[in-house]
Amino acid sequence: MGKILMNKNTLAVLKLELQEYNTALPVFEMKEQQLKEVLLRIENNINRLKVAIHEINEETKKWAAVMAETSVDLSAIVQVEHMNTIKREIAGVPIESFESILFKEKKLDFMTTPLWVDAAITVIKDQKTNRSMMKMERKNLELLQEELAEARRMKNALKEVFIPETKNNIRKIEIYLGDVERLAIGCAKLVKKKKQYRGKVA
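All of these numbers come straight from a predicted model, not from anything done at the bench.

## Regarding the overall build of the protein chain
- In terms of regular secondary structure, the protein chain is built from 4 helices and 2 strands.
- Counting from the amino terminus, helix and strand elements in the protein chain follow one another as α-α-α-β-β-α.
- Sorting the 202 residues of the protein chain into buried and exposed places 27% on the buried side.
- Accessible surface, the protein chain as shown: approximately 14,300 Å² in total, 56% of it carbon and sulfur.

## Here's the deal with the side chain of S132
- Following the sequence through the fold, S132 ends up in helix α4 (residues 116-201).
- In this structure S132 comes out as buried when scored by relative accessible area, which is 17%.
- Contacts of S132, omitting those with residues within four sequence positions, involve V80, M83 and I101.

## What about helix α1 (residues 8-61)?
- Taking 1.5 Å of rise per residue, the 54 residues of α1 would be expected to cover 80 Å, and the 78 Å separating its terminal C-alpha atoms lies within 8% of that figure.
- Where α1 begins, one side-chain oxygen reaches toward the backbone nitrogen of N9, 3.2 Å away; that side chain belongs to N7.

## Considerations on a nonpolar patch on the surface
- Taken together, the side chains of M6, Y176 and V180 make up a nonpolar region of the molecular surface, amounting to roughly 240 Å² of accessible area.
- Structurally, the position occupied by V180 is in helix α4.
- What makes V180 partly exposed here is its relative accessible area of 38%.

## Quick look at the environment of I53
- In this structure, I53 sits in helix α1.
- Exposure remark for I53: the relative accessible area of 7% places this residue in the buried category.
- When neighbours within four sequence positions are excluded, I53 is seen to be in contact with Q127, N130, R131 and M134.

## Describing the pairing of strand β1 (residues 78-90)
- Here β1 pairs with strand β2 (residues 93-105) via 12 bridges, running antiparallel. Each residue of the ladder has a partner; that of H82, found in β2, is L102.

## So, the confidence of the model for the protein chain
- Across the protein chain, pLDDT averages 86, with 82% of residues at or above 70.
- Ranking the elements of the protein chain by mean pLDDT puts helix α2 (residues 64-68) last, at 61, and α1 first, at 94.

## What to know about the nonpolar core
- Judged by nonpolar contacts, the single largest core of 16 residues is most densely connected at L35, I42, I90 and L144.
- Within the residue set of this core, elements represented by two or more residues are α1, β2 and α4.
- Looking at this core element by element, the count peaks at 7 residues for α1.
- Those residues in contact with I42 that lie beyond four places of it in its chain are E137, N140, L141 and L144.

## Here we look at the packing of aromatic side chains
- According to the stated counting rule, one finds 1 aromatic pair in the structure shown.
- Ring geometry for Y21 and F162: centres 5.5 Å apart, planes at 25 degrees, overall stacked. On the criterion of sequence distance, the pair formed by Y21 in helix α1 and F162 in helix α4 is long-range, its members being 141 residues apart.
- By relative accessible area, F162 is classed as partly exposed at 35%.

## Here's the deal with the environment of S100
- Checked against the element boundaries, S100 lands in strand β2.
- When the C-alpha atoms of S100 and I86 are compared, they prove to be 9.5 Å apart, with 14 residues separating the residues in sequence.
- Excluding its chain neighbours within four sequence positions, the residues that come into contact with S100 are H82, M83 and N84.

## Description of the environment of I95
- Locating I95 in the fold gives a position in strand β2.
- Along the backbone, I95 and L144 are 49 residues apart, and their C-alpha atoms lie at a distance of 8.3 Å.
- Beyond its immediate sequence surroundings of up to four residues, I95 is in contact with I86, K87, R88, I90, N140 and L144.

## Examining the pattern of salt bridges
- Tallied over the entire structure, the rule returns 9 salt bridges.
- Note that E32 is salt-bridged to K155, the shortest N-O span being 3.1 Å. With E32 in helix α1 and K155 in helix α4, this pair connects stretches of sequence that are 123 residues apart. Accessibility assignment for this pair places E32 and K155 in one class, buried.

Calculation rules
Residues numbered from 1 in each chain as written. Predicted model: local features only at pLDDT ≥ 70, side-chain atom pairs only at ≥ 80, totals over all residues. Heavy atoms only, no water. Helix = DSSP H or I, 4+ residues; strand = E, 2+ residues; numbered from the N terminus. Buried < 20%, exposed > 50% of the residue type's maximum accessible area, 1.4 Å probe, protein only. Areas by Shrake-Rupley, 256 points an atom, 1.4 Å probe, with all protein chains shown as cover. Contact = heavy atoms within 4.5 Å. Expected span 1.5 Å × (residues − 1). Polar contact = N/O pair within 3.5 Å; in protein donor to acceptor, adjacent residues only side chain to side chain. Patch = residues over 30% accessible without salt bridge, like charges linked within 9 Å, V, L, I, M, F, W, Y side chains within 5 Å. Salt bridge = Lys/Arg side-chain N within 4 Å of Asp/Glu carboxyl O. Pairing = 2+ DSSP bridges. pLDDT = per-residue confidence, 0-100. Core = buried A, V, L, I, M, F, W, Y, C linked by side-chain atoms within 4.5 Å. Phe/Tyr/Trp six-rings, centres within 6.5 Å; stacked < 30°, edge-to-face > 60°.

Here is the structure:
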């Protein structure tokens, strides 16, 4: 804040600003807490998905030799066509929640396709679902982390800069106005005494 005018108008404006800052501070503190809780849940979801993906990878290693012997390209059999999500807001941030997933499957000739391919398709779907969900959650995480950083900046600015600075300026003006008032009273008394003295002399 630059140079402030030491008058009652400025004092009134500063007191109003202080009131607004004191109202805003708990809002940002609550927002920070809410975002931290949601971020923790999302991080836990991502960790669970990582574990699930790893476990499926380990399971499919058992099939590696069998899969290598076939001409079936498993990566081309199942593709994610669309993932349905529910949009919601957390502390003003739009994020997505998983609802369902739609796959596009290549038609197979089951007369010539090995029996294990059916099981492989199920596993591929699970893996693609997990990876799609992880991508969604990582995007949510990024958005919420940005909002959390902004909420913290605002909270810290209010707590460490705006509120203390405004309180200090209010104190300075009140001291100044108090001094001016005392000086005015002192001057008034002095003038009164001089008038009384002149009256006596006259």
